[in-house]
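Structural overview
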Amino acid sequence: KQEVTQIPAALSVPEGENLVLNCSFTDSAIYNLQWFRQDPGKGLTSLLLIQSSQREQTSGRLNASLDKSSGRSTLYIAASQPGDSATYLCAPGQGGSEKLVFGKGTKLTVNP
Amino acid sequence: NAGVTQTPKFQVLKTGQSMTLQCAQDMNHEYMSWYRQDPGMGLRLIHYSVGAGITDQGEVPNGYNVSRSTTEDFPLRLLSAAPSQTSVYFCASSNSDRGGNQPQHFGDGTRLSIL
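Residues numbered from 1 in each chain as written. Chains lettered and ligands numbered in written order. Predicted model: local features only at pLDDT ≥ 70, side-chain atom pairs only at ≥ 80, totals over all residues. Heavy atoms only, no water.

1. Here we look at the sheet that holds strand β6 (residues 56-59) of chain A
All names here are of chain A. Ordered by their spatial adjacency, five strands build an open sheet running β1-β3-β8-β7-β6, and the pairing between neighbours is antiparallel. Both outer strands of the open sheet, β1 (4-7) and β6, are each paired with one neighbouring strand and no more. Ignoring which end each strand starts from, the neighbouring axes of this sheet average 15° apart. Relative to strand β7 (residues 62-67), β6 runs antiparallel, the two sharing four bridges. Residue pairing for β7: S59 is matched across the bridge by L62. (Pairing = 2+ DSSP bridges. Helix = DSSP H or I, 4+ residues; strand = E, 2+ residues; numbered from the N terminus. Axes fitted to C-alpha atoms, helices over the stretch in contact; angles between N-to-C directions.)

Here's what the structure looks like:
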């Protein structure tokens, strides 16, 4: 059974810092890995998707890397802003895009 | 473009009552899934569908039924609500692509309380 761990569980940083969120998973037989953002009381917004054959994806200030063999992914956020405050969820896809296994998330607070 | 629409947004039920959570998507996605999110836990997969007429169980299917008669709709039925089913329920959809490059799109969730 796939298990996903996200470290740290919570992170508070001053505005402008670069930061790294970590995700580890136990089963390397994945199709892809998605990073999501969830604001309080809201649904999930997809940030980045890395296919199993890829090593990284970038979107604006976000960069996600994937090391499938070691069961790790990282989300790098450059020049953090207060608007980045949210919970970030990591989810490897098992058996296809219809089945994601989620970590418990990292709650990020960026202070002005 | 509405994306994934879930109704209702909030619901309170009594133990033993039944109800259906609605999910509709207008993106012509083949894949649809239901997850529940509980405090201190990650989202867990309840049921999923890879196309009309095809459904399968996820990690926590007990107490829930699904059917998929159309591509657009994927309702989740609680047959006899229990307090343990108090949760936030999310519906998601994605294009069918075994290459793994199709992201899942999520609705805003249904917050369900069972008394």
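2. A look at the interface of chain B and chain A
Contacts between chain B and chain A engage 26 residues on the former and 23 residues on the latter. Summed over both sides, the interface of chain B with chain A buries roughly 1,900 Å², with 51% coming from carbon and sulfur. There are one salt bridge connecting chain B and chain A. At the surface where chain B touches chain A, the tally comes to seven residue pairs in polar contact (both at pLDDT 80 or more). Secondary structure elements with two or more residues in the side of chain B that touches chain A: β4 (31-37), β5 (44-51) and β9 (87-94) of chain B. Looking at which element gives the most residues to the side of chain B that touches chain A, the answer is β4 of chain B, with four residues. (Contact = heavy atoms within 4.5 Å. Buried area = accessible area lost by both parts, 1.4 Å probe. Salt bridge = Lys/Arg side-chain N within 4 Å of Asp/Glu carboxyl O. Polar contact = N/O pair within 3.5 Å; in protein donor to acceptor, adjacent residues only side chain to side chain.)

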